[in-house]
Structures are given as structure tokens and as C-alpha cells.
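Overview (structure and organization)
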Amino acid sequence: MKKRLFSLCAVCAIVALSVMVSCEKPLMGVESDEPEGNLKVTVFEMEKTPFGSLTRVAEPASAMCKRLNFAIYTLDGTRVKQVNQTSDAAEFGTASFQLEEGDYQVVVVGHSSNGNPTMTDPTCIKFTNAQGYTDTYLCSGVVTIGAEPMDFQVSLDRIVALCRFVITDDFPADVKQMRFYYTGGSGAFDANTGLGCVNSKQDVKFSVTTGQKQFDLYTFLHDVEGTIHLTVTGLDAAGNELYNRQFDVPMQQNYITWLTGAFFNGSGSSSTTIGGVTVNTDWAGETHITF
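Residues numbered from 1 in each chain as written. Predicted model: local features only at pLDDT ≥ 70, side-chain atom pairs only at ≥ 80, totals over all residues. Heavy atoms only, no water.

1. Regarding the side chain of Gln131
Following the sequence through the fold, Gln131 ends up in the loop between β7 (125-126) and β8 (137-145). Discounting residues that sit within four places of it in the chain, Gln131 has contacts with Ser113, Asn114, Gly115, Asn116, Pro117 and Lys126. (Helix = DSSP H or I, 4+ residues; strand = E, 2+ residues; numbered from the N terminus. Contact = heavy atoms within 4.5 Å.)

Have a look at this one:
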């Protein structure tokens, strides 16, 4: 009986060790707000618009981002604290931390994904296809914690590029989903630069049962300018491919590239390289392209 009990305990220990190795190591208090902390981080501005005014007008802060993630790192990149907020929280926009004296990197990310990004490493903050890619804002800065409490106000800037794909013709009756698969950008970014840090295969699907014809595709570019290779596919209810086109799309950080045309009337297996760029101001600017 003792031998069997020992074997069972050994198995449990091995399983527990395996789980600890395969999962991100939890940090005590890493996701808890500390109202009486000695560092208070407050979002006061998003894309040059005062955060407080965004919560009181027709375009509220929650329309720009539904989630805020506050993370504190040592200067060697070790995460010591993190607070995640959703826009329905009373404290949305403010987080407090109790920290030992010293220098720290503060990173704040605003977005509307379905979950929180992986923020273990400030040089690779990562979203997934399952979470989705959205308009994303960032602030990263260094603070020095001393004997007195500190109030650190941050301004978030947009770090994504957006391809806005618009279909001008009608959907065939058998098309139930649109799939957008694109490479050349990144689903993760370095908080020190705001630029993409991995070579991602971004994959997004939309139901078209509501008649939606505009589809927003976000990415983090590896530089302020870049090109994504985009494959657009019309799928039936079972997920079978019915229509397929490919595009090479020029992108720029904080710019919208509008890609507009009759997708189904001109559909096929051809590849399209886009030229003829014109720029207007919105975000930082827009590029309008017809395919």
C-alpha cells in the first residue's frame, strides 16, 4: 500500500512539474490593482485627444479601445506587475502599483481585442488570431520610484496600420464567410519601438450574413512602411473555398489603406500588385486604391 501511494505521489509531482514548465510562470500579485500604491498611472490622452473628454462625448474612450493593459517591468525586462481593465470598469484609465524604490519601465496598451495580449516580455507583446487584431495604442516610459508617491500621466499613440477592404458588388448567395489571410506584418510588437517583432500569419474570418462589405485588417509593421501579402477568400457555409484573390498591399503605420473594388465580378486565381497611391489626412493619412 505504501509503495502504491508513493508511486501515485510521484506521478502527481511529475504532472504538476510538467504543467508548471509548459505554462507561463504566474507572478504573485501580477494582475492586482493596489489603490494605495506609490505609483499611479493615468491615461490622460489618446491620439492627442484628452482621455477625460473621450468618456463624456459621442465618441467615448470605449469606442477607441475596450481594454487597457498596464504593465511594470524592471529595466532588464522582467515583468513585476500587471493590471488589465475593461471599459465597463469604474477605474478605466487609472491603475496603481506598490513598488520598491528604483527604476522601472511602464507600458500601457489600449485595444479592443477579445482578450489580453501576452505581456511577459516588453520586447514582444503578442496578440493571437483567436483574440483578433484591432486598433491599438501604446505608451512606454521609464519612471524612478523614490520615497514619495508618484503620479505618472501617459499619452497613448496608435501603432497599427490598417487595410480597409471594401467590396462594391453583391455577395453570391452561396458565400457565407469572407476569410482574410495576410503575411508581411506582425501580430506582436516591441513596446520600445511600437513596431512589429515577429513574422506572423494573420488570419481573420467574417460572417457576411448581415451584408457587411467593409472589413478592417490591422497589423503591426516591421518598419513605419511595409507591404502585406493578402489572400481574400469567399467561403460557403461548410468552409469550402468558392472565390479567391490575392493582393500586395502597401501599408504605413497610423495610415489607412483603402482597398476597394468588385471582388466577385473580377474573382479568380490571379495575383494583383497595387500601385497609384494617393494620400489624404485621417488618422495620419489614407491611401485609396481600386482593384
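2. Considerations on unusual backbone geometry
In this structure, Asn254 takes a positive phi of about 65 degrees despite not being glycine. Structurally, the position occupied by Asn254 is in the loop between β16 (241-252) and β17 (255-261).

3. Describing the nonpolar core
Counting residues in hydrophobic clusters, the biggest one holds 45 residues, and the most contacted among them are Phe165, Met178, Phe180, Phe215, Leu230 and Leu259. Top contributing element to this core by residue count: strand β10 (residues 161-167), with six residues. Excluding residues within four positions of it along the chain, Met178 makes contact with Ile167, Phe171, Val204, Lys205, Phe206, Val208, Phe215, Val232, Thr233, Gly234, Phe263 and Phe264. Among the nonpolar cores identified, the runner-up in size contains 24 residues, and Val43, Ile72, Ala95 and Phe152 belong to it. (Core = buried A, V, L, I, M, F, W, Y, C linked by side-chain atoms within 4.5 Å. Buried < 20%, exposed > 50% of the residue type's maximum accessible area, 1.4 Å probe, protein only.)

4. Focus: the packing of aromatic side chains
Here the structure, examined in full by the defined rule, presents 13 aromatic pairs. Where Phe171 meets Phe264, the ring centres are 5.5 Å apart and the plane angle is 65 degrees; that geometry is what we call edge-to-face. Linking Phe171 in the loop between β10 and β11 (177-183) with Phe264 in the loop between β17 and β18 (271-273), this pair joins segments that are 93 residues apart in sequence. Positioned above the aromatic ring of Trp258 is the side chain of Arg164, whose terminal nitrogen or guanidinium carbon lies 5.0 Å from the ring centre. (Phe/Tyr/Trp six-rings, centres within 6.5 Å; stacked < 30°, edge-to-face > 60°. Lys NZ or Arg CZ within 6 Å of the ring centre and 35° of its normal.)

5. Focus on the confidence of the model for the chain
Looking at the chain, the pLDDT average stands at 83 and 77% of residues meet or exceed 70. Note that residues 1-29 has pLDDT below 50 and, in this model, six contacts with residues that lie over four places away or in other chains. Scored below 50 in pLDDT, residues 267-271 makes eight contacts in the model with residues more than four places away or belonging to other chains. (pLDDT = per-residue confidence, 0-100.)

6. Structural notes on the side chain of Gln202
Note on placement: Gln202 falls in strand β13 (residues 201-207). Within polar-contact distance, the side chain of Gln202 engages the side chain of Thr219 at 2.6 Å. Not counting chain neighbours up to four residues away, the residues in contact with Gln202 comprise Asn129, Tyr133, Phe180, Tyr181, Tyr182, Gly185, Ser186, Gly187, Tyr218 and Thr219. (Polar contact = N/O pair within 3.5 Å; in protein donor to acceptor, adjacent residues only side chain to side chain.)

7. Considerations on the pattern of salt bridges
Oppositely charged side chains can form a pair if their charged atoms are brought close together. Under the counting rule described, the total for this entry stands at four salt bridges. For Arg164, the salt bridge identified is with Asp216, shortest N-O distance 2.8 Å. Residue Arg164 is found in strand β10, and its partner Asp216 is found in strand β14 (residues 214-219); the two are separated by 52 residues along the sequence. A salt bridge links Asp170 to Lys213; the shortest N-O distance between them is 3.3 Å. Of the two residues, Asp170 sits in the loop between β10 and β11 while Lys213 sits in the loop between β13 and β14, which places them 43 residues apart along the sequence. What makes Asp170 exposed here is its relative accessible area of 63%. (Salt bridge = Lys/Arg side-chain N within 4 Å of Asp/Glu carboxyl O.)

8. What about the environment of Arg179?
Mapped onto the secondary structure, Arg179 falls in strand β11. Linking Arg179 and Glu241, residues 62 residues apart in sequence, is a C-alpha distance of 9.4 Å.

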